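# Coordinate inspection notes
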Amino acid sequence: MKKAILITFLLVCINLQAQYTIEPPKEYSHDIGNMIVMLDNLKGRVEYLVKDLNQEQTDFLLDDNSNRIGALIYHLAATEAYYQVFTFEKRDFNEAEKDKWMMALSLGDEARAEFQGKPIQYYMDLYNEVRNKTKELMKTKDDKWFSKTNKGMSNHWAWFHVMEHQANHMGQLAYLTKRLPKE
């Protein structure tokens, strides 16, 4: 019995240790793969915070200067979509992309009025679509591309910015979800 408990304890410890490593997936170069792992880790934590929200919670507005939870998820997708075209195509949004993403990228009064009435899954689907495209695009590049610059910014730094931007808004989402009205 003691031996079984010790073995179980050791296996749990080994598994916990493995969760705190960054290993690039085989289909990516080293640095790009590490970035993908970190981006996906943050996205998973964002999703964990919001996955079970109902409509009222998704549309929750803390005050007149805040953003709705759904709008923040849309904002994360818009930011990542922008850096896709900026780093992979070396351009800014075209007109169609501006129509789809600029309100979410900028947020503010217009976005507060517009981004409501859709379930949390709508926003997560946008985020998933953008992330899947990022991952497919990243498979076509290597670490040499990661170090190339565009308008004075390296591709690595651009994607680091996407990552830290997600971390920042993850904190904001955690704050908002803790202040949701009790059901």
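Please refer to the structure higher up on the page.
The rules behind the values
- Residues numbered from 1 in each chain as written.
- Predicted model: local features only at pLDDT ≥ 70, side-chain atom pairs only at ≥ 80, totals over all residues.
- Heavy atoms only, no water.
- Salt bridge = Lys/Arg side-chain N within 4 Å of Asp/Glu carboxyl O.
- Helix = DSSP H or I, 4+ residues; strand = E, 2+ residues; numbered from the N terminus.
- Buried < 20%, exposed > 50% of the residue type's maximum accessible area, 1.4 Å probe, protein only.
- Expected span 1.5 Å × (residues − 1).
- Arc of directions from axis to C-beta.
- Contact = heavy atoms within 4.5 Å.
- Axes fitted to C-alpha atoms, helices over the stretch in contact; angles between N-to-C directions.
- Parallel < 35°, antiparallel > 145°, perpendicular 65-115°, else oblique.
- Left-handed = near helix turned anticlockwise from the far one by under 90°.
- Nonpolar A, V, L, I, M, F, W, Y, C, P; charged D, E, K, R; others polar.

What the rule picks out here adds up to 11 salt bridges. Between aspartate 40 and arginine 131 there is a salt bridge whose closest N-O contact spans 3.0 Å. Here aspartate 40 is found in helix α2 (residues 30-50), whereas its partner arginine 131 is found in helix α7 (residues 120-139), with 91 residues between them in sequence. Looking at aspartate 40, the relative accessible area reads 25%, which means it is partly exposed. The class for arginine 131 is buried, based on a relative accessible area of 2%. A salt bridge links aspartate 109 to arginine 112; the shortest N-O distance between them is 2.5 Å.

With that out of the way, let us pick up α7. Between its first and last C-alpha atoms α7 spans 29 Å; for 20 residues at 1.5 Å apiece the expected length is 28 Å, and the two agree. Burial in α7 covers these residues: Ile120, Tyr123, Met124, Leu126, Tyr127, Val130, Arg131, Thr134 and Met138. Taken around the axis of α7, the buried residues stretch over an arc of 155°, which confines them to a single face. On its buried face, α7 sits against α2, α3 (55-58), α4 (69-88), α5 (95-106), α8 (143-147) and α9 (155-178).

Along its 20 residues, α4 runs 29 Å from first to last C-alpha, staying within 8% of the 28 Å computed at 1.5 Å per residue. The buried fraction of α4 is high, at 20 of 20 residues.

In this section: the packing of α4 against α7. The N-to-C vectors of α4 and α7 enclose an angle of 20°; their axes lie 9 Å apart at closest approach. As judged from the angle between their axes, α4 and α7 are roughly parallel. Considering only the axes of α4 and α7, their crossing is left-handed. Counting all contacts with α4, which are made through Ile69, Gly70, Ala71, Ile73, Tyr74, Leu76, Ala77, Glu80, Ala81, Gln84 and Phe88, the residues of α7 involved are Ile120, Tyr122, Tyr123, Met124, Leu126, Tyr127, Val130, Arg131, Lys133, Thr134, Leu137 and Met138. Taken together, the residues of the contact of α4 with α7 sort by class into 17 nonpolar, three polar and three charged.

For threonine 58, the location among the structural elements is in helix α3. When residues no more than four places from it in sequence are discounted, the contact partners of threonine 58 are Leu53, Arg68, Ile69, Gly70, Lys118, Pro119, Ile120 and Tyr123.

Remark: α4 packs on α5, axes separated minimally by 8 Å, with the N-to-C direction vectors making an angle of 130°. Taken together, the axis directions place α4 and α5 in an arrangement best described as oblique. The element α4 and its partner α5 pack so that their crossing is left-handed. Residues Tyr74, His75, Ala77, Ala78, Thr79, Ala81 and Val85 of α4 form the contact with α5, whose participating residues are Glu97, Lys100, Trp101, Ala104 and Leu105. Looking at the contact of α4 with α5, its residues break down into eight nonpolar, two polar and two charged.

Let us look at the environment of proline 24. Here proline 24 lies in the loop between α1 (2-18) and α2. For the pair proline 24 and methionine 35, spaced 11 residues apart in sequence, the C-alpha separation works out to 8.0 Å. Leaving out residues up to four positions away in the same chain, proline 24 has contacts with Ser29, His30, Gly33, Asn34 and Val37.

Right, let's talk about the environment of methionine 38 for a bit. The topology assignment puts methionine 38 in helix α2. In sequence terms methionine 38 and glutamate 164 are 126 residues apart; their C-alpha atoms lie 9.9 Å from each other. Leaving out residues up to four positions away in the same chain, methionine 38 has contacts with Ile22 and Met163.

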